[in-house]
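Understanding the architecture of this molecule
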Amino acid sequence: MSRGNVAVFVPHNGCPHQCSFCDQRRITGRQSQPSAKEVWQLAKEAAEKQDVSQCELAFFGGSFTAVERGYFCSLLEVAGKIRQELGFSGIRCSTRPDAIDRERLDLMKRHGFTTIELGAQCMENRVLALNGRGHTVEEVERASRLIKEYSFSLGLQMMTGLPGSNDAIDTATAEAFVAIKPDFVRIYPTLVLPGTQLEAWYGSGEYAPQKLNQAVDLCSELLLLFEKHHIPVIRLGLHDTPELKEQVIAGPYHPAFRQLCESRIFLWRILSLLGESCQPGEGEILLAVHPKSISSALGQKRANLRELAQKGHRVRFVQEDSVLPGEVRLRKTEKGKDGKPCC
(Lines give C-alpha, C1' and ligand atoms only; values in the text may rest on other atoms or scores of the structure.)
Protein backbone atom coordinates (compact mmCIF):
# COMPACT_ATOMS: atom_id res chain seq x y z
CA MET A 1 0.00 0.00 0.00
CA SER A 2 1.16 3.51 -0.77
CA ARG A 3 1.51 6.06 1.99
CA GLY A 4 -1.00 8.45 0.45
CA ASN A 5 -2.74 9.51 -2.72
CA VAL A 6 -3.45 12.53 -4.86
CA ALA A 7 -7.20 12.42 -5.47
CA VAL A 8 -8.97 13.25 -8.71
CA PHE A 9 -12.76 13.28 -8.44
CA VAL A 10 -14.84 12.10 -11.40
CA PRO A 11 -18.38 12.77 -10.08
CA HIS A 12 -21.01 10.19 -11.04
CA ASN A 13 -19.74 9.90 -14.60
CA GLY A 14 -20.40 6.64 -16.38
CA CYS A 15 -22.87 5.25 -13.87
CA PRO A 16 -26.11 4.17 -15.58
CA HIS A 17 -27.94 3.92 -12.26
CA GLN A 18 -29.10 6.21 -9.47
CA CYS A 19 -28.64 4.33 -6.21
CA SER A 20 -30.94 5.14 -3.32
CA PHE A 21 -28.16 6.72 -1.26
CA CYS A 22 -26.10 8.34 -3.98
CA ASP A 23 -25.28 11.96 -4.59
CA GLN A 24 -21.63 11.73 -5.60
CA ARG A 25 -21.44 15.39 -6.57
CA ARG A 26 -22.42 16.42 -3.05
CA ILE A 27 -20.10 13.86 -1.44
CA THR A 28 -17.05 14.85 -3.48
CA GLY A 29 -17.81 18.57 -3.62
CA ARG A 30 -17.10 18.48 -7.36
CA GLN A 31 -19.72 19.25 -10.01
CA SER A 32 -17.81 18.97 -13.31
CA GLN A 33 -15.59 16.25 -14.72
CA PRO A 34 -11.85 16.99 -14.90
CA SER A 35 -10.13 17.08 -18.28
CA ALA A 36 -6.92 15.18 -18.94
CA LYS A 37 -5.10 18.52 -18.89
CA GLU A 38 -6.54 19.37 -15.47
CA VAL A 39 -5.50 15.96 -14.13
CA TRP A 40 -1.94 16.51 -15.36
CA GLN A 41 -1.80 19.97 -13.78
CA LEU A 42 -3.14 18.68 -10.45
CA ALA A 43 -0.56 15.90 -10.35
CA LYS A 44 2.26 18.23 -11.42
CA GLU A 45 1.44 20.71 -8.65
CA ALA A 46 1.35 17.88 -6.10
CA ALA A 47 4.74 16.59 -7.28
CA GLU A 48 6.22 20.07 -6.91
CA LYS A 49 5.09 20.26 -3.27
CA GLN A 50 5.86 16.76 -2.01
CA ASP A 51 7.65 13.50 -2.69
CA VAL A 52 5.10 11.47 -4.66
CA SER A 53 7.21 8.32 -4.92
CA GLN A 54 5.04 6.77 -2.20
CA CYS A 55 1.75 8.18 -3.53
CA GLU A 56 -0.84 6.83 -5.93
CA LEU A 57 -2.81 8.97 -8.35
CA ALA A 58 -6.39 8.15 -7.33
CA PHE A 59 -9.56 8.50 -9.44
CA PHE A 60 -12.46 8.63 -6.99
CA GLY A 61 -16.05 9.81 -6.89
CA GLY A 62 -17.60 7.90 -9.77
CA SER A 63 -17.61 4.72 -11.81
CA PHE A 64 -14.24 5.21 -13.44
CA THR A 65 -14.23 2.25 -15.81
CA ALA A 66 -17.79 2.98 -16.97
CA VAL A 67 -17.19 6.50 -18.27
CA GLU A 68 -17.48 7.26 -22.01
CA ARG A 69 -14.78 5.34 -23.90
CA GLY A 70 -12.95 8.35 -25.36
CA TYR A 71 -12.83 10.10 -21.98
CA PHE A 72 -11.76 6.87 -20.30
CA CYS A 73 -8.84 6.45 -22.71
CA SER A 74 -7.77 10.07 -22.28
CA LEU A 75 -7.61 9.61 -18.51
CA LEU A 76 -5.70 6.35 -18.89
CA GLU A 77 -3.12 8.03 -21.11
CA VAL A 78 -2.55 11.02 -18.86
CA ALA A 79 -2.43 8.78 -15.78
CA GLY A 80 0.25 6.61 -17.38
CA LYS A 81 2.24 9.70 -18.32
CA ILE A 82 1.94 11.03 -14.77
CA ARG A 83 3.22 7.82 -13.26
CA GLN A 84 6.11 7.55 -15.70
CA GLU A 85 7.23 11.18 -15.74
CA LEU A 86 6.34 12.42 -12.24
CA GLY A 87 7.26 9.27 -10.32
CA PHE A 88 3.99 8.27 -8.65
CA SER A 89 4.11 4.78 -7.16
CA GLY A 90 0.89 3.72 -8.86
CA ILE A 91 -2.61 4.60 -9.99
CA ARG A 92 -5.87 3.59 -8.35
CA CYS A 93 -9.56 4.01 -9.08
CA SER A 94 -12.98 3.13 -7.71
CA THR A 95 -15.62 1.62 -9.96
CA ARG A 96 -18.65 -0.65 -10.31
CA PRO A 97 -18.41 -4.45 -10.31
CA ASP A 98 -20.38 -4.65 -13.59
CA ALA A 99 -17.92 -2.30 -15.33
CA ILE A 100 -14.96 -4.68 -15.11
CA ASP A 101 -13.88 -6.93 -17.98
CA ARG A 102 -10.66 -8.16 -19.54
CA GLU A 103 -10.53 -5.43 -22.16
CA ARG A 104 -10.66 -2.67 -19.55
CA LEU A 105 -8.19 -4.44 -17.30
CA ASP A 106 -5.76 -4.95 -20.18
CA LEU A 107 -5.83 -1.20 -20.88
CA MET A 108 -5.41 -0.28 -17.24
CA LYS A 109 -2.50 -2.69 -16.81
CA ARG A 110 -0.83 -1.22 -19.88
CA HIS A 111 -1.09 2.32 -18.46
CA GLY A 112 0.32 1.50 -15.03
CA PHE A 113 -2.76 1.12 -12.83
CA THR A 114 -2.09 -0.75 -9.60
CA THR A 115 -5.23 -0.69 -7.43
CA ILE A 116 -8.95 -1.11 -8.17
CA GLU A 117 -11.71 -0.63 -5.60
CA LEU A 118 -15.17 -2.07 -6.15
CA GLY A 119 -18.29 -0.52 -4.68
CA ALA A 120 -19.93 -3.79 -3.67
CA GLN A 121 -21.95 -2.21 -0.79
CA CYS A 122 -23.84 -5.42 0.13
CA MET A 123 -23.59 -9.12 -0.66
CA GLU A 124 -27.33 -9.75 -0.70
CA ASN A 125 -29.07 -9.49 -4.10
CA ARG A 126 -32.40 -8.41 -2.63
CA VAL A 127 -30.78 -5.43 -0.88
CA LEU A 128 -28.81 -4.50 -3.99
CA ALA A 129 -31.97 -4.51 -6.13
CA LEU A 130 -33.98 -2.52 -3.59
CA ASN A 131 -31.32 0.18 -3.54
CA GLY A 132 -30.99 0.41 -7.33
CA ARG A 133 -27.40 -0.81 -7.49
CA GLY A 134 -27.82 -2.43 -10.91
CA HIS A 135 -25.38 -5.25 -10.22
CA THR A 136 -25.49 -8.58 -8.43
CA VAL A 137 -23.44 -10.41 -5.83
CA GLU A 138 -22.23 -12.72 -8.58
CA GLU A 139 -20.84 -9.75 -10.51
CA VAL A 140 -18.93 -8.62 -7.42
CA GLU A 141 -17.38 -12.07 -7.13
CA ARG A 142 -16.58 -12.28 -10.86
CA ALA A 143 -15.01 -8.80 -10.97
CA SER A 144 -12.98 -9.53 -7.84
CA ARG A 145 -11.60 -12.73 -9.38
CA LEU A 146 -10.60 -10.89 -12.56
CA ILE A 147 -8.91 -8.04 -10.70
CA LYS A 148 -6.89 -10.48 -8.63
CA GLU A 149 -6.05 -12.54 -11.72
CA TYR A 150 -4.51 -9.41 -13.25
CA SER A 151 -2.50 -8.86 -10.04
CA PHE A 152 -4.11 -5.52 -9.20
CA SER A 153 -4.52 -4.69 -5.53
CA LEU A 154 -8.21 -5.26 -4.77
CA GLY A 155 -10.30 -3.09 -2.48
CA LEU A 156 -13.94 -3.71 -1.55
CA GLN A 157 -16.35 -1.10 -0.22
CA MET A 158 -19.39 -1.96 1.89
CA MET A 159 -22.23 0.04 3.43
CA THR A 160 -24.03 -0.71 6.67
CA GLY A 161 -27.63 0.15 7.42
CA LEU A 162 -28.93 0.20 3.84
CA PRO A 163 -32.69 -0.10 3.27
CA GLY A 164 -33.63 -3.76 3.40
CA SER A 165 -30.49 -4.71 5.30
CA ASN A 166 -29.83 -5.39 8.97
CA ASP A 167 -26.92 -6.25 11.24
CA ALA A 168 -27.00 -9.92 10.26
CA ILE A 169 -26.90 -9.14 6.52
CA ASP A 170 -24.15 -6.56 7.01
CA THR A 171 -22.11 -9.09 8.98
CA ALA A 172 -22.69 -11.68 6.24
CA THR A 173 -21.43 -9.12 3.71
CA ALA A 174 -18.22 -8.69 5.70
CA GLU A 175 -17.84 -12.48 5.91
CA ALA A 176 -18.31 -12.72 2.14
CA PHE A 177 -15.57 -10.09 1.73
CA VAL A 178 -13.28 -12.19 3.91
CA ALA A 179 -13.90 -15.16 1.61
CA ILE A 180 -12.92 -13.04 -1.42
CA LYS A 181 -9.69 -12.03 0.36
CA PRO A 182 -9.35 -8.39 -0.74
CA ASP A 183 -6.20 -6.43 0.06
CA PHE A 184 -8.24 -3.84 1.99
CA VAL A 185 -11.81 -2.70 2.64
CA ARG A 186 -13.74 0.49 3.35
CA ILE A 187 -16.88 0.60 5.51
CA TYR A 188 -19.44 3.37 5.11
CA PRO A 189 -22.47 3.64 7.42
CA THR A 190 -25.41 4.85 5.33
CA LEU A 191 -26.23 8.56 5.59
CA VAL A 192 -29.30 10.34 4.24
CA LEU A 193 -28.27 13.14 1.87
CA PRO A 194 -30.41 15.73 0.04
CA GLY A 195 -31.62 14.87 -3.43
CA THR A 196 -31.51 11.10 -2.93
CA GLN A 197 -34.17 8.41 -2.88
CA LEU A 198 -33.21 7.84 0.75
CA GLU A 199 -34.31 11.38 1.55
CA ALA A 200 -37.78 10.62 0.19
CA TRP A 201 -37.97 7.26 1.99
CA TYR A 202 -36.78 8.86 5.23
CA GLY A 203 -39.30 11.68 4.91
CA SER A 204 -42.18 9.25 4.34
CA GLY A 205 -41.11 7.01 7.21
CA GLU A 206 -40.24 4.10 4.89
CA TYR A 207 -36.60 4.15 5.96
CA ALA A 208 -35.15 4.42 9.45
CA PRO A 209 -31.36 4.95 9.45
CA GLN A 210 -29.06 3.37 12.01
CA LYS A 211 -28.63 5.16 15.31
CA LEU A 212 -25.07 6.23 16.03
CA ASN A 213 -24.56 3.72 18.85
CA GLN A 214 -26.00 0.90 16.74
CA ALA A 215 -23.65 1.74 13.86
CA VAL A 216 -20.66 2.00 16.21
CA ASP A 217 -21.42 -1.40 17.78
CA LEU A 218 -21.82 -3.09 14.39
CA CYS A 219 -18.80 -1.47 12.75
CA SER A 220 -16.67 -2.29 15.79
CA GLU A 221 -17.58 -5.94 15.33
CA LEU A 222 -16.73 -5.69 11.62
CA LEU A 223 -13.38 -4.11 12.44
CA LEU A 224 -12.57 -7.04 14.71
CA LEU A 225 -13.65 -9.51 12.03
CA PHE A 226 -11.39 -7.97 9.37
CA GLU A 227 -8.56 -7.60 11.90
CA LYS A 228 -8.83 -11.31 12.69
CA HIS A 229 -8.30 -12.10 9.01
CA HIS A 230 -5.53 -9.52 8.56
CA ILE A 231 -7.54 -7.37 6.14
CA PRO A 232 -6.93 -3.63 6.69
CA VAL A 233 -9.94 -1.32 6.97
CA ILE A 234 -8.50 1.81 5.38
CA ARG A 235 -11.58 3.98 5.92
CA LEU A 236 -14.52 3.82 8.28
CA GLY A 237 -17.16 6.48 7.62
CA LEU A 238 -17.27 9.11 4.88
CA HIS A 239 -14.42 11.59 4.77
CA ASP A 240 -15.44 14.54 6.91
CA THR A 241 -15.87 17.81 5.04
CA PRO A 242 -17.66 21.05 5.98
CA GLU A 243 -20.12 20.49 3.12
CA LEU A 244 -20.95 16.95 4.19
CA LYS A 245 -21.46 18.06 7.79
CA GLU A 246 -23.92 20.72 6.66
CA GLN A 247 -25.86 18.46 4.29
CA VAL A 248 -26.39 15.25 6.28
CA ILE A 249 -30.10 14.92 6.98
CA ALA A 250 -30.03 11.76 9.09
CA GLY A 251 -27.94 8.71 9.86
CA PRO A 252 -24.95 7.81 12.04
CA TYR A 253 -22.73 10.73 11.11
CA HIS A 254 -19.78 11.58 13.33
CA PRO A 255 -16.59 13.44 12.31
CA ALA A 256 -14.48 10.87 14.19
CA PHE A 257 -16.53 7.76 13.55
CA ARG A 258 -13.55 5.43 13.40
CA GLN A 259 -12.24 6.61 16.75
CA LEU A 260 -15.64 5.88 18.29
CA CYS A 261 -15.35 2.31 17.01
CA GLU A 262 -11.77 1.87 18.18
CA SER A 263 -12.76 3.21 21.61
CA ARG A 264 -15.70 0.81 21.77
CA ILE A 265 -13.37 -2.11 21.03
CA PHE A 266 -11.06 -0.92 23.83
CA LEU A 267 -14.00 -0.78 26.23
CA TRP A 268 -14.99 -4.35 25.33
CA ARG A 269 -11.42 -5.55 25.88
CA ILE A 270 -11.13 -3.76 29.20
CA LEU A 271 -14.44 -5.15 30.46
CA SER A 272 -13.42 -8.64 29.39
CA LEU A 273 -10.08 -8.29 31.20
CA LEU A 274 -11.66 -6.90 34.36
CA GLY A 275 -14.37 -9.54 34.32
CA GLU A 276 -11.68 -12.18 34.57
CA SER A 277 -9.58 -10.46 37.22
CA CYS A 278 -11.40 -7.77 39.22
CA GLN A 279 -14.60 -7.24 41.12
CA PRO A 280 -16.44 -3.89 41.03
CA GLY A 281 -15.49 -1.62 43.93
CA GLU A 282 -12.09 -3.24 44.55
CA GLY A 283 -10.27 0.09 44.40
CA GLU A 284 -8.14 1.73 41.77
CA ILE A 285 -7.23 -0.49 38.82
CA LEU A 286 -4.09 0.24 36.82
CA LEU A 287 -4.25 -0.59 33.09
CA ALA A 288 -1.33 -0.32 30.66
CA VAL A 289 -1.75 0.70 27.01
CA HIS A 290 0.59 1.81 24.25
CA PRO A 291 1.05 5.63 24.06
CA LYS A 292 -0.53 5.65 20.59
CA SER A 293 -3.64 3.98 21.98
CA ILE A 294 -4.31 6.20 24.95
CA SER A 295 -6.98 8.38 23.33
CA SER A 296 -8.91 5.31 22.16
CA ALA A 297 -8.56 3.69 25.59
CA LEU A 298 -9.95 6.76 27.33
CA GLY A 299 -12.77 7.16 24.79
CA GLN A 300 -13.98 10.42 23.34
CA LYS A 301 -14.31 12.95 26.14
CA ARG A 302 -13.28 10.11 28.52
CA ALA A 303 -16.46 8.18 27.75
CA ASN A 304 -14.82 4.83 28.55
CA LEU A 305 -13.75 6.02 31.99
CA ARG A 306 -17.30 7.10 32.74
CA GLU A 307 -18.73 3.81 31.51
CA LEU A 308 -16.29 1.85 33.62
CA ALA A 309 -17.06 4.00 36.66
CA GLN A 310 -20.78 3.34 36.20
CA LYS A 311 -19.98 -0.38 36.36
CA GLY A 312 -18.04 0.12 39.61
CA HIS A 313 -14.50 0.13 38.21
CA ARG A 314 -12.16 3.00 39.13
CA VAL A 315 -9.52 2.83 36.40
CA ARG A 316 -6.28 4.68 35.73
CA PHE A 317 -4.23 4.21 32.58
CA VAL A 318 -0.46 4.16 32.24
CA GLN A 319 1.38 4.36 28.94
CA GLU A 320 3.95 1.67 28.19
CA ASP A 321 5.86 1.16 24.96
CA SER A 322 6.07 -2.59 25.64
CA VAL A 323 2.30 -2.95 25.16
CA LEU A 324 1.25 -3.43 21.54
CA PRO A 325 -1.08 -0.77 20.04
CA GLY A 326 -4.65 -1.89 20.56
CA GLU A 327 -3.84 -4.10 23.53
CA VAL A 328 -4.56 -3.50 27.21
CA ARG A 329 -2.81 -5.14 30.18
CA LEU A 330 -3.67 -5.26 33.86
CA ARG A 331 -1.10 -3.79 36.29
CA LYS A 332 -1.88 -4.72 39.89
CA THR A 333 0.65 -2.31 41.41
CA GLU A 334 1.00 1.44 41.23
CA LYS A 335 3.12 3.12 38.59
CA GLY A 336 6.25 1.18 37.70
CA LYS A 337 9.43 2.71 36.43
CA ASP A 338 8.40 2.12 32.79
CA GLY A 339 4.89 3.48 33.20
CA LYS A 340 3.92 7.06 32.61
CA PRO A 341 0.67 8.02 34.38
CA CYS A 342 -2.00 9.34 32.08
CA CYS A 343 -5.10 9.96 34.10
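Above this text you will find the structure in question.
Residues numbered from 1 in each chain as written. Predicted model: local features only at pLDDT ≥ 70, side-chain atom pairs only at ≥ 80, totals over all residues. Heavy atoms only, no water.

Description of the overall build of the protein chain
The cut-off we apply is this: Helix and strand labels come from DSSP, where a helix needs a run of H or I of at least four residues and a strand needs a run of E of at least two; each type is numbered from the N terminus. Burial classification: accessible surface area is computed with a 1.4 Å probe over protein chains only, and a residue below 20% of its type maximum counts as buried, one above 50% as exposed, and the rest as partly exposed. Note on definitions: a residue-residue contact is assigned when non-hydrogen atoms from the two residues lie within 4.5 Å. For the purpose of counting charges, residues Lys and Arg are taken to be positive, whereas Asp and Glu are taken to be negative. His and the chain ends are not included. Where a charge lies is defined by one atom per residue type, namely NZ (Lys), CZ (Arg), CG (Asp) and CD (Glu).
Within the protein chain one finds 13 helices and eleven strands. Counting only C-alpha atoms and orienting by the principal axes, one finds that the protein chain spans roughly 70 × 50 × 35 Å. Counting the 343 residues in the protein chain, one finds 50% classified as buried. The long-range share in the protein chain, meaning contacts at least 24 apart out of those at least 6 apart in sequence, stands at 77%. Taking the average place of the 43 positive charges on the side chains of the protein chain and the average place of its 41 negative ones, the gap between the two points comes to 4 Å.

Re the sheet that holds strand E2 (residues 55-60)
Convention followed: Strands are labelled as partners when DSSP assigns at least two bridges between them. Note on geometry: axes are C-alpha line fits, over the in-contact stretch for helices, and angles between N-to-C directions span 0 to 180 degrees.
Strand order across the open sheet formed by seven strands is E1-E2-E3-E4-E5-E6-E7, with parallel pairing between neighbours. Strands at the two margins of the open sheet, each flanked by one partner only, are strand E1 (4-9) and strand E7 (233-236). Taken pair by pair, the neighbouring strands of this sheet meet at an average axis angle of 20°, ignoring direction. In this structure, strand E5 (residues 153-160) lies alongside strand E6 (residues 184-189), joined through six bridges in parallel fashion. Counted as the bridge partner of Met158 is Ile187 from E6.

Structural notes on the pattern of salt bridges
Selection rule: When a carboxyl oxygen of Asp or Glu is within 4 Å of a side-chain nitrogen of Lys or Arg, the pair counts as a salt bridge.
The final tally for this structure, using the stated rule, is 17 salt bridges. A salt bridge links Glu149 to Arg102; its shortest N-O distance comes to 2.7 Å. Linking Glu149 in helix H6 (residues 137-149) with Arg102 in helix H4 (residues 102-110), this pair joins segments that are 47 residues apart in sequence. One salt bridge in this structure joins Glu320 and Arg331, with 2.8 Å as the shortest N-O distance. On the criterion of sequence distance, the pair formed by Glu320 in the loop between strand E9 (314-319) and strand E10 (329-331) and Arg331 in strand E10 is long-range, its members being eleven residues apart. A residue is classified by how much of its surface remains accessible, and Glu320, at 9% relative accessible area, is buried. A single network of salt bridges, built from pairs that share partners, joins Glu56, Arg92, Glu117 and Arg186.

Some remarks on the packing of helix H7 (residues 167-180) against helix H9 (residues 212-228)
Under the convention used in this document: Angular relationships are summarised with four words: roughly parallel below 35 degrees, roughly antiparallel beyond 145, roughly perpendicular across 65 to 115, and oblique for the angles in between. A clockwise turn of the near helix away from the far one marks a right-handed crossing, whereas an anticlockwise turn of less than a right angle marks a left-handed crossing.
Remark: H7 packs on H9, axes separated minimally by 10 Å, with the N-to-C direction vectors making an angle of 20°. Between H7 and H9, the angle falls in the class roughly parallel. As for how H7 packs across H9, the hand of that crossing is right-handed. Where H7 abuts H9, its residues Asp167, Asp170, Thr171, Ala174, Glu175, Phe177 and Val178 lie against Gln214, Leu218, Leu222, Leu225 and Phe226.

A look at the packing of helix H2 (residues 36-49) against helix H3 (residues 69-86)
Across the interface, H2 lies against H3 with an axial gap of 9 Å and an inter-helix angle of 20°. By the angle between their axes, H2 is roughly parallel relative to H3. Here H2 and H3 pass one another in a crossing that is right-handed. Packed against H2, whose contacting residues are Ala36, Val39, Trp40, Ala43, Lys44 and Ala47, the element H3 presents Ser74, Leu75, Val78, Lys81, Ile82, Glu85 and Leu86 at the interface.

Describing H2
The criterion, for reference: By definition here, a helix of n residues has an expected span of 1.5 Å times n minus one. This arc describes the spread of directions from the helix axis toward the C-beta atoms.
Compared with the 20 Å implied by 1.5 Å per residue over 14 residues, the 20 Å span of H2 between its first and last C-alpha is a close match. Looking at H2, one finds that the buried residues are Val39, Trp40, Ala43 and Ala46. Seen along its axis, H2 keeps its buried residues to an arc of 130°; they face one direction. For H2, exposure combined with an orientation more than 90 degrees from the buried face picks out Lys37, Glu48 and Lys49. Buried-residue contacts for H2 involve E1, E2 and H3.

Re the pairing of E6
What counts, and what does not: Here, the term right-handed applies to a crossover whose path from the first strand over the helix to the second runs clockwise when the strands point away from the viewer.
Burial analysis of E6 places six of its six residues in the buried class, the great majority of the element. Both faces of E6 are covered, namely the face carrying Phe184, Arg186 and Tyr188 and the face carrying Val185, Ile187 and Pro189. Crossover connection from E5 via H7 to parallel E6: handedness right-handed. Pairing between E6 and E7: three bridges, direction parallel. What sits directly across from Ile187, in E7, is Leu236.

Here we look at the pairing of E9
Regular strands show a simple pattern: their side chains alternate between the two faces of the sheet. Judged by how many residues are buried, E9 sits mostly within the fold: five of six residues are covered. The pairing of strand E8 (residues 284-289) with E9 spans six bridges and is classified as parallel. If you follow Ile285 over to E9, its bridge partner there is Val315.

Section: the packing of aromatic side chains
The test is simple: When the centres of two rings from Phe, Tyr and Trp lie within 6.5 Å, Trp using its six-membered ring, the rings pair. Their planes under 30 degrees apart give stacked, over 60 give edge-to-face, and anything left gives tilted. We call a charge positioned above a ring when the Lys NZ or Arg CZ atom is no farther than 6 Å from the ring centre and deviates by at most 35 degrees from the ring normal.
Taken as a whole, this structure holds five aromatic pairs when the rule is applied. Their ring planes at 35° and their centres at 5.7 Å tell us that Phe64 and Phe113 sit as a pair that is tilted. Of this pair, Phe64 sits in the loop between E2 and H3 while Phe113 sits in the loop between H4 and strand E4 (115-121), and the two are 49 residues apart along the sequence. Taken together, a centroid distance of 6.4 Å and an interplanar angle of 15° make the contact between Tyr150 and Phe152 stacked. Take Phe152: its relative accessible area is 4%, and that puts it in the buried class. Taken together, the ring pairs in this structure connect Phe59, Phe64, Phe72 and Phe113 into an aromatic cluster. Positioned above the aromatic ring of Trp40, the side-chain terminus of Lys81 is 4.5 Å from the ring centre. Between Lys109 and the ring centre of Phe152, over which it is positioned, the NZ or CZ distance is 4.7 Å.

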